[in-house]
Amino acid sequence: MSTMTLFHAPLSPFVRKVMVVLHETGQLQRVQLHTVNISPVSGDAQLNQGNPIGKIPALRLDDGTVLHDSRVICEYLDQQHVGQPLLPREGSARWRRMTLASQADAIMDAAVSSRYESFLRPEDKRWGGWLEAQAEKIRRSLANLEQEHLAELASGFDLAAIGLACALGYLDLRQPEFGWRERQPGLAAWYAEVSLRPSMVATAPVA
Ligand code: 99T
């Protein structure tokens, strides 16, 4: 069996998505973890070699090819197992689920940007209005997911559901005061259930 290398950091929600997919599809043994400690202003030379944008996750295959970003890696892994696909392979359901998965990634993007703004940027340069705009994007997205897509999300733990679960886990980690559960009790109940899955328990971030 081939061995792949995953450029990884345990608190990244994008990495967690890949790790959950590895668990859910029984491919964990195929991957070695290479942990990096990076930020937008401090990269890792080895990671940059195959992935010039320098973000994680990146997956080096055994022939040296490097795949990024997390969406590409998750799709690749989904084509490498024989179980139930984590995204419909064709038809309108495919585009719907991919759009939901993209919405989950966008929540992560807003939350990670907020983290960098409020933690990494020098204190005198932080922009409250910009932080509030990211928070509003997340609130709007979560309200939309609860109102329009909850039943669909609950119908299977696929790439869209995995992405959202990792995004919510990241919000809890970095912005525990955000209060999304009070605004979105339906999502909160769904999340409480999926958080019990072994793949989610095994990958839970510990700050
Ligand atoms: O921006 C950088 O140069 C370093 N940041 C990252 O690599 C973050 C780590 S999350 N990863 C991404 O932004 C990946 C986004 C990409 N579209 C994907 O893979 O889907 C770290 C969060 C934290 O430390 O709190």
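I will try to describe carefully the structure that is included in this document. (Residues numbered from 1 in each chain as written. Predicted model: local features only at pLDDT ≥ 70, side-chain atom pairs only at ≥ 80, totals over all residues. Heavy atoms only, no water.)

Okay, the packing of aromatic side chains next. Taken as a whole, this structure holds one aromatic pair when the rule is applied. On the numbers, 5.7 Å between centres and 75° between planes, the contact of Trp 180 with Tyr 191 is edge-to-face. Of the two residues, Trp 180 sits in helix H7 (residues 180-183) while Tyr 191 sits in helix H8 (residues 185-194), which places them 11 residues apart along the sequence. The buried category is assigned to Trp 180, whose relative accessible area is 2%. The side chain of Arg 183 reaches across the aromatic face of Phe 178, ending 4.9 Å from its centre. (Phe/Tyr/Trp six-rings, centres within 6.5 Å; stacked < 30°, edge-to-face > 60°. Helix = DSSP H or I, 4+ residues; strand = E, 2+ residues; numbered from the N terminus. Buried < 20%, exposed > 50% of the residue type's maximum accessible area, 1.4 Å probe, protein only. Lys NZ or Arg CZ within 6 Å of the ring centre and 35° of its normal.)

Before going further, it helps to examine the site of the ligand. With respect to spatial proximity, 14 residues lie near the ligand, and among them Ile 56, Asp 69, Ser 70, Tyr 170 and Arg 174 are the closest. Ile 56 places a polar main-chain atom, nitrogen or oxygen, 2.9 Å from a nitrogen atom of the ligand. One of the side-chain N or O atoms of Arg 174 is found 2.9 Å from an oxygen atom in the ligand. Across the complex, the protein chains shield 86% of the 620 Å² of accessible surface that the ligand would expose by itself. Broken down by secondary-structure element, the contributors of at least two residues to the shell around the ligand are helix H4 (92-120) and helix H6 (159-174). Of the residues that constitute the shell around the ligand, the class distribution is seven nonpolar, three polar and four charged. (Near = heavy atom within 4 Å. Polar contact = N/O pair within 3.5 Å; in protein donor to acceptor, adjacent residues only side chain to side chain. Areas by Shrake-Rupley, 256 points an atom, 1.4 Å probe, with all protein chains shown as cover. Nonpolar A, V, L, I, M, F, W, Y, C, P; charged D, E, K, R; others polar.)

Turning our attention to the packing of H4 against H6. Running from N to C, H4 and H6 point in directions that differ by 15°, and their axes come no closer than 8 Å. Accordingly, the angle class assigned to the pair H4 and H6 is roughly parallel. Of the two possible hands of crossing, H4 and H6 adopt the one that is left-handed. Residues Arg 97, Leu 100, Ala 101, Ala 104, Ile 107, Met 108, Ala 111, Val 112 and Arg 115 of H4 form the contact with H6, whose own contacting residues are Leu 159, Ala 160, Gly 163, Leu 164, Cys 166, Ala 167, Tyr 170, Leu 171 and Arg 174. Classifying every residue of the contact of H4 with H6 by side-chain character gives 14 nonpolar, one polar and three charged. (Axes fitted to C-alpha atoms, helices over the stretch in contact; angles between N-to-C directions. Parallel < 35°, antiparallel > 145°, perpendicular 65-115°, else oblique. Left-handed = near helix turned anticlockwise from the far one by under 90°. Contact = heavy atoms within 4.5 Å.)

Here we take up the nonpolar core. In this structure, Leu 59, Leu 142, Leu 164 and Trp 180 are the most contacted members of the largest nonpolar core, which totals 58 residues. Mapped onto this core, the elements with two or more residues apiece are strand E1 (4-8), helix H1 (13-24), strand E3 (58-60), helix H3 (70-78), H4, helix H5 (128-154), H6 and H8. Broken down by element, the residue count for this core peaks at 12 residues, all from H6. Beyond its immediate chain neighbours, meaning those up to four positions away, Leu 164 contacts Ala 104, Ile 107, Leu 142, Leu 145, Leu 153, Leu 187 and Trp 190. (Core = buried A, V, L, I, M, F, W, Y, C linked by side-chain atoms within 4.5 Å.)

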